[in-house]
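Coordinate analysis (summary)
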Amino acid sequence: MQILLSLALLAITANAVCTKITVRREWGQLSAADKNAYIAAVKKITARPMSNQYKDPTKMSTDDFSTTHAANAHWAHANAEFLVFHRAMLRLYEKALESAGWTGGLIYLDEGAVPTTWNKLDLFSKDYFGSLTRTQQCLTDGQFSKASGFVDLGDNGRSCVTRCGSGTMWSAKYIAANVLSTATTYEQLRGDDTANYHGTGHMVMGGNCDMGNPLWSPRDPLFYLHHTYVDKIYWKWQQLCPTYVTDYEGNLSAGKNPNPLLGNSRPVSPTLPLDSWVGLTAADVFDTKNDFLCYTYSKSAGDIDYTAAKCPKGQTANTNPWATNGTKPRRQDETRLAKRAATKLPSGSVTVAEGINGTSQVQVTCASKTSNYIIPAGCVIHKSFCSHISVKPANSEVAKKDSHCPMVIRPACEKETDYVRADNLKAPEPTSVYQYPTFLTDKQIRVRNMDHCGVRASDVNVMRLVDELNAGLQV
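Since we're looking at a predicted model, the values are computed, not measured.

1. Regarding the pairing of strand S10 (residues 389-393)
Summarising burial for S10: five of the five residues are buried, a large majority. As paired strands, strand S9 (residues 379-384) and S10 are joined by five bridges and run antiparallel to one another. If you follow Ile-381 over to S10, its bridge partner there is Val-391.

See the structure below:
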């Protein structure tokens, strides 16, 4: 009875309307004193011993957050829980900072406003987060450098932070055109979180260093500025239509004992507990105006005008908070949307056989189509879908270290992976507004055990859309 009462009280608190809302600001909007105060709070909670619990953020260390992210990386990414899992993580981290004396809310880096010049910001200087270095080299300056004594937990124990990124991130215009102006469902907004603006941000700013590590990226304090930016995009989309705030769809399996059978993949539900975050469900982190979250976002340079898609089911659109003249709905093909909504998940089956050298051969049959996969030794199926499978380490303890198991495996390349520009499309020129983001190299894909076919197919789609925008075929 006492446990049930505690959970009920938590739910009531999480759904109550907050009275003093926090405004999360962009890094460039902070004074020098605020920047230093924020960093001081980060260093203070990093110096705490691990609490080995995830219920009371006032006792949590940065190492607690990094450890649970590493342990849950294989089911907190590339599935429906991605956005809500990280939103809960961010709020608890924010509460940890508050307990260390910082009350200015989480800070975000407006990556879309500086897609090519991000590395010239004072953020990446000796005064604050430190200059970029070479691969696997400790930060040589800044307040998180080895010389400053800053160390935290990673796949090699407590050690220095590394950061060796380069390249181009998704621009604000590209995110508006490719994400915010087209998505009418939660899953469309989330997209492929391993390769979109989220994944690109990690790889561009992190390279082969900590931020580029899919498990232990939170050990670089830059992680939280990046993910707060990702959350802002989620928040911006939620403002567009009344039902977007609570829209939550897709499939996932329970984090502890995922059911690998196709057709039994667990549909998401707002009332399902979130992995790691004790007492919290997805519903508790939908509305940023509730008493648990209680935050909003400042307007920054990347908040540009764009034409939003028409709200589904005839809803009246909210006002786009960043549009000069409010939202300008664009008609969708309502027949196509209705058919998509009525589509049922196909049934199927999965068979697993032993392969050579400890590998497993997996055959997935779905809607009369059969796909074959080879799972690396030491890995097992996490979830199976018609289009792909995700895997995780067979030994849960391995998840606490850098895992060789890819999060997503797709069958042999059935989609176009070599881009051929059509005659009616136009490549970006040096002065074009729309530019290609930085793509992963074959080596980067291989080192991270990512699905090569899936990444390259995504690259082709990105290049085609950029060319369409430059040719004036997309608005």
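2. A short note on the sheet that holds strand S5 (residues 295-297)
Taken together, the three strands give an open sheet; going across it, the order is S2-S1-S5, and neighbouring strands pair in parallel fashion. On the outer flanks of this sheet lie strand S2 (107-108) and S5, each paired with one strand and no other. Here strand S1 (residues 22-26) runs beside S5; their pairing, made up of three bridges, is parallel. Looking at the pairing, Val-23 lines up with Thr-296 of S5.

3. Remarks on the state of the cysteines
Evaluation of the coordinates by the stated rule reveals three disulfides. Between Cys-138 and Cys-160 runs a disulfide, and the two sulfur atoms are separated by 1.8 Å. As the torsion about the S-S bond is roughly -60 degrees, the Cys-138-Cys-160 disulfide counts as left-handed. Within this pair, whereas Cys-138 is found in the loop between S2 and strand S3 (152-154), its partner Cys-160 is found in the loop between strand S4 (157-159) and helix H5 (172-180), the two being separated by 22 residues in sequence. Covalent S-S linkage joins Cys-164 and Cys-209, the inter-sulfur distance amounting to 2.1 Å. Of note, the bridge from Cys-164 to Cys-209 carries an S-S torsion of about 115 degrees and is right-handed in sense. Of the two residues, Cys-164 is situated in the loop between S4 and H5 and Cys-209 in the loop between helix H7 (197-206) and helix H8 (222-238); the sequence distance between them amounts to 45 residues. On the accessibility criterion, Cys-164 (12% relative accessible area) is buried.

4. Considering the packing of helix H3 (residues 62-72) against helix H4 (residues 82-99)
The N-to-C vectors of H3 and H4 enclose an angle of 170 degrees; their axes lie 11 Å apart at closest approach. Our classification of the angle between H3 and H4 gives roughly antiparallel. Contacts from Thr-62, Phe-65, His-69 and Asn-72 in H3 reach Phe-85, His-86, Met-89, Leu-92, Tyr-93 and Ala-96 in H4. Its residues assigned to classes, the contact of H3 with H4 shows six nonpolar, four polar and no charged.

5. Focus on the pattern of salt bridges
Scanning the entire structure with this criterion turns up 19 salt bridges. Note that Asp-193 is salt-bridged to Arg-190, the shortest N-O span being 2.6 Å. For the residue pair Asp-193 and Arg-190, the accessibility class agrees, reading buried in each case. A salt bridge links Asp-303 to Lys-236, with the nearest nitrogen and oxygen atoms 2.8 Å apart. Placement of Asp-303 in the loop between S5 and helix H9 (334-342) and of Lys-236 in helix H8 is noted, with a sequence separation of 67 residues between them. When sorted by exposure, Asp-303 lands in the same class as Lys-236, which is buried. Salt bridges here are not isolated pairs; linked through shared partners, they connect Arg-24, Arg-87, Arg-91, Glu-94, Glu-98 and Asp-231.

6. Some thoughts on the packing of aromatic side chains
On inspection of all chains with the given rule, the structure shows 22 aromatic pairs. A centroid spacing of 4.9 Å and a plane angle of 80 degrees characterise the contact between Phe-223 and Tyr-224, whose relative ring orientation is edge-to-face. Taken as a pair, Phe-223 and Tyr-224 share a single burial class, namely buried. Ring centres of Tyr-248 and Phe-286 lie 5.5 Å apart, and the angle between their planes is 65 degrees; this geometry places the pair in the edge-to-face category.

7. Details of H7
Extensive coverage of H7 is indicated by the burial of ten of its ten residues. If you check which residues of H7 are buried, you get Tyr-197, His-198, Gly-199, Thr-200, Gly-201, His-202, Met-203, Val-204, Met-205 and Gly-206. Buried residues along H7 sit against H4, H5, helix H6 (186-190) and H8. One side-chain oxygen at the N-terminal end of H7 lies 3.0 Å from the backbone nitrogen of His-198; it belongs to Asn-196. In the stretch just after H7, Gly-207 is the one whose phi turns positive, near 55 degrees.

8. Let's talk about the packing of H7 against H8
It is at 10 Å that the axes of H7 and H8 come closest, and there the two elements cross at 160 degrees. Regarding the angle of H7 to H8, the classification is roughly antiparallel. Considering only the axes of H7 and H8, their crossing is right-handed. Along the contact surface, H7 presents Tyr-197, His-198, Gly-201, His-202 and Met-205, while H8 presents Leu-222, Phe-223, His-226, His-227, Val-230 and Ile-233. Partitioned by chemical class, the residues of the contact of H7 with H8 number six nonpolar, five polar and no charged.

9. Quick notes on the confidence of the model for the protein
Put simply, the protein has an average pLDDT of 81, and 81% of its residues get 70 or more. pLDDT under 50 marks residues 1-13. Its contacts with residues more than four places away, or in other chains, come to seven contacts. Within the model, the stretch residues 253-264 combines pLDDT values under 50 with 28 contacts to residues more than four positions away or in other chains.

Rules behind the numbers
- Residues numbered from 1 in each chain as written.
- Predicted model: local features only at pLDDT ≥ 70, side-chain atom pairs only at ≥ 80, totals over all residues.
- Heavy atoms only, no water.
- Buried < 20%, exposed > 50% of the residue type's maximum accessible area, 1.4 Å probe, protein only.
- Helix = DSSP H or I, 4+ residues; strand = E, 2+ residues; numbered from the N terminus.
- Pairing = 2+ DSSP bridges.
- Disulfide = S-S within 2.5 Å.
- Axes fitted to C-alpha atoms, helices over the stretch in contact; angles between N-to-C directions.
- Parallel < 35°, antiparallel > 145°, perpendicular 65-115°, else oblique.
- Contact = heavy atoms within 4.5 Å.
- Nonpolar A, V, L, I, M, F, W, Y, C, P; charged D, E, K, R; others polar.
- Salt bridge = Lys/Arg side-chain N within 4 Å of Asp/Glu carboxyl O.
- Phe/Tyr/Trp six-rings, centres within 6.5 Å; stacked < 30°, edge-to-face > 60°.
- Polar contact = N/O pair within 3.5 Å; in protein donor to acceptor, adjacent residues only side chain to side chain.
- Left-handed = near helix turned anticlockwise from the far one by under 90°.
- pLDDT = per-residue confidence, 0-100.

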